[in-house]
Amino acid sequence: MTYSFLQHYWWFLVSLLGALLVFLMFVQGANSMVRTLGYTEEGRRLIINSTGRKWEFTFTTLVTFGGAFFASFPLFYSTSFGGAYWLWMIILFTFVLQAVSYEFQNKLGNLLGAKTFQTFLAINGFLGPLLLGGAVATFFEGSNFIVMKDNLIDAQSFTPVISHWANASHGLDALLNPWVLVFGLAVMFLARVLGSLYIINNVNDDDIRSRAAFQLPGSSLAFVVLFVVYLVHLLLKDGFAYDDSGLIVIEPYKYLHNFLDMWYLLIVLLIGVVLVLFAIGRSFADKKWIWGIWPAGIGVVLVVLSLLLCAGWNNTAYYPSTADLQSSLTIQNSCSSEFTLTTMAIVSILIPFVLAYIWHAWWSIDKKKLDVTEITDDHAY
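The structure reproduced in this document is the subject of the present report. Keep in mind the model is a prediction, meaning the values are calculated, not measured.

On to empty space enclosed by the protein. This model, assessed by the stated rule, comprises one cavity of 30 Å³ or more. As a volume, the largest cavity reaches approximately 80 Å³. Lining the largest cavity we find 13 residues, and of these Ser80, Leu87, Thr138, Ser143 and Tyr319 sit closest to its centre. If you list the elements that add at least two residues to the lining of the largest cavity, you get α6 (74-83), α7 (85-104) and α8 (114-141).

On to the packing of helix α9 (residues 178-202) against helix α10 (residues 206-236). Contact geometry for α9 and α10: axes closest at 7 Å, N-to-C directions at 150°. Between α9 and α10, the angle is such that the two are roughly antiparallel. Relative to α10, the crossing made by α9 is left-handed.

Now for unusual backbone geometry. When glycine is set aside, most residues are seen to have a negative phi, and most peptide bonds are trans. Even without glycine at this site, Asn314 takes up a positive phi of about 60°. We classify Asn314 as partly exposed; its relative accessible area is 26%. Phi at Asn315 takes a positive value of approximately 55°, unusual for a residue other than glycine. In this structure, Asn315 sits in the loop between α13 (293-312) and α14 (338-347). Residue classification places Asn315 among the partly exposed positions, given a relative accessible area of 34%.

The subject of this paragraph is the nonpolar core. With 109 residues, the main nonpolar core has Trp11, Phe69, Phe73, Phe139, Ile199 and Tyr318 as its most contacted residues. The element that contributes the greatest number of residues to this core is α9, accounting for 13 residues. Residues contacting Phe139, with those up to four places away along its chain left out, are Trp11, Phe69, Phe76, Tyr255, Leu308, Ala311, Ala317, Tyr318, Tyr319 and Pro320.

Turning next to the side chain of Ser143. Mapped onto the elements of the fold, Ser143 is located in the loop between α8 and β1 (145-147). Classification of Ser143 as buried rests on a relative accessible area of 6%. Within the structure, Ser143 has its side chain in polar contact with the side chain of Tyr319 (distance 3.3 Å). With sequence-adjacent residues up to four places away left out, Ser143 is seen in contact with Thr138, Trp165, Tyr319, Pro320, Ser321, Thr322 and Ala323.

Okay, the packing of aromatic side chains next. Tallied over the entire structure, the rule returns 40 aromatic pairs. Against the face of Trp362 rests Lys54, its NZ or CZ located 4.9 Å from the ring centre. It is Arg211 that lies over the ring of Tyr39; its NZ or CZ is 3.8 Å from the centre.

Let's shift gears to the layout of surface pockets. Quantified by volume, the largest pocket comes out at close to 1200 Å³. If you go around the largest pocket, you meet 34 residues; those closest to its centre are Leu20, Val354, Leu355, Ile358 and Trp359. Of all the secondary structure elements, the ones that give two or more residues to the lining of the largest pocket are α1 (3-24), α5 (55-72), α13, α14 and α15 (351-365). In this structure, the second largest pocket encloses a volume near 480 Å³. Every residue lining the second largest pocket is counted, 29 residues in all, and those nearest its centre are Leu190, Phe227, Val303, Val304 and Leu307. Within the residue set of the lining of the second largest pocket, elements represented by two or more residues are α1, α8, α9, α10, α12 (263-285) and α13. For the lining of the second largest pocket, the residue count by class is 27 nonpolar, two polar and no charged.

Calculation criteria
- Residues numbered from 1 in each chain as written.
- Predicted model: local features only at pLDDT ≥ 70, side-chain atom pairs only at ≥ 80, totals over all residues.
- Heavy atoms only, no water.
- 1 Å grid on protein atoms, 1.4 Å probe; cavity = no way out; pocket = protein on both sides within 12 Å on 5 of 7 lines; lining within 4 Å.
- Points joined across faces, edges and corners; volume = space filled by probe spheres on them.
- Helix = DSSP H or I, 4+ residues; strand = E, 2+ residues; numbered from the N terminus.
- Axes fitted to C-alpha atoms, helices over the stretch in contact; angles between N-to-C directions.
- Parallel < 35°, antiparallel > 145°, perpendicular 65-115°, else oblique.
- Left-handed = near helix turned anticlockwise from the far one by under 90°.
- Buried < 20%, exposed > 50% of the residue type's maximum accessible area, 1.4 Å probe, protein only.
- Core = buried A, V, L, I, M, F, W, Y, C linked by side-chain atoms within 4.5 Å.
- Contact = heavy atoms within 4.5 Å.
- Polar contact = N/O pair within 3.5 Å; in protein donor to acceptor, adjacent residues only side chain to side chain.
- Phe/Tyr/Trp six-rings, centres within 6.5 Å; stacked < 30°, edge-to-face > 60°.
- Lys NZ or Arg CZ within 6 Å of the ring centre and 35° of its normal.
- Nonpolar A, V, L, I, M, F, W, Y, C, P; charged D, E, K, R; others polar.

In short, the description is geometric, and any link to function would need to be established separately.
Structure representation (structure tokens):
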């Protein structure tokens, strides 16, 4: 295994984790509609107990995604998580709100009331996907940071800080970019689409299923329009490339060139889009068909995976700097040592076993569809 292969391999694994995270945000999507789907307290508890069975998958994947980035591309971790900390702190805070809300909303001595914690779940349902989508959009739109590796070797100005944000917003400035907001909103509406499909599949209640089906067309239309607009923008915009010496240059139509050069990613993208549209269309046309979450989920993973690979492969700077072009991060200049990547690659052989365990746990949880008898259990949320 060459060093270059390891860099590409680990970008693939990080991208796969990111794609799985976007799929698992059906939890946030369903929670954002908890009061719309459940008009009664019993109905709302059904929705919350349905997503409550899966929220730990989402949270664990988010943490694993961050950990994998830290281990394989530490300069990105220190630059983004350390520089854009206001953006990441808000994201993490909404997920902490989610965890607390599940555990305490129906506990004895709850002074805030169940509705307050349900509101917290809805806040996470809206802000979580929106801000995570915005963070991913910066892979294409760029962020305002400067990297100074010379700080580590300059004896006169030695400092362990080699990257810093170029303004005082520390990541919040990304939300001023309209294209970041377009992509973030697309992810938010996608989460609502996935949430509707998941509830249709998981909750055995005709009224809730009909309400989820009613929500599906509006969220789907908003998602498709926003995604298509951003995809056209992406294919036509200038990108950030680098040569063998590591010099960063602006290349017109870079991401279009990437999809043409890596035609297999274009095929993966198109298959993913078809699967998502099929799931939406079939679920809308056939009210008795409850399996839309699976083709949609596979399609989302394929689409997000192809986009993230397009952002980092084919000599592309995956984290462009709008403050200093040469500070842009690539899989070549931001990765761990060859020894570290090799060691982790050996450990990554265990990943299929972990995925098999997750699949078994999911199957065991969902063997019986959720109904009103479940919320009378002492362990119900």
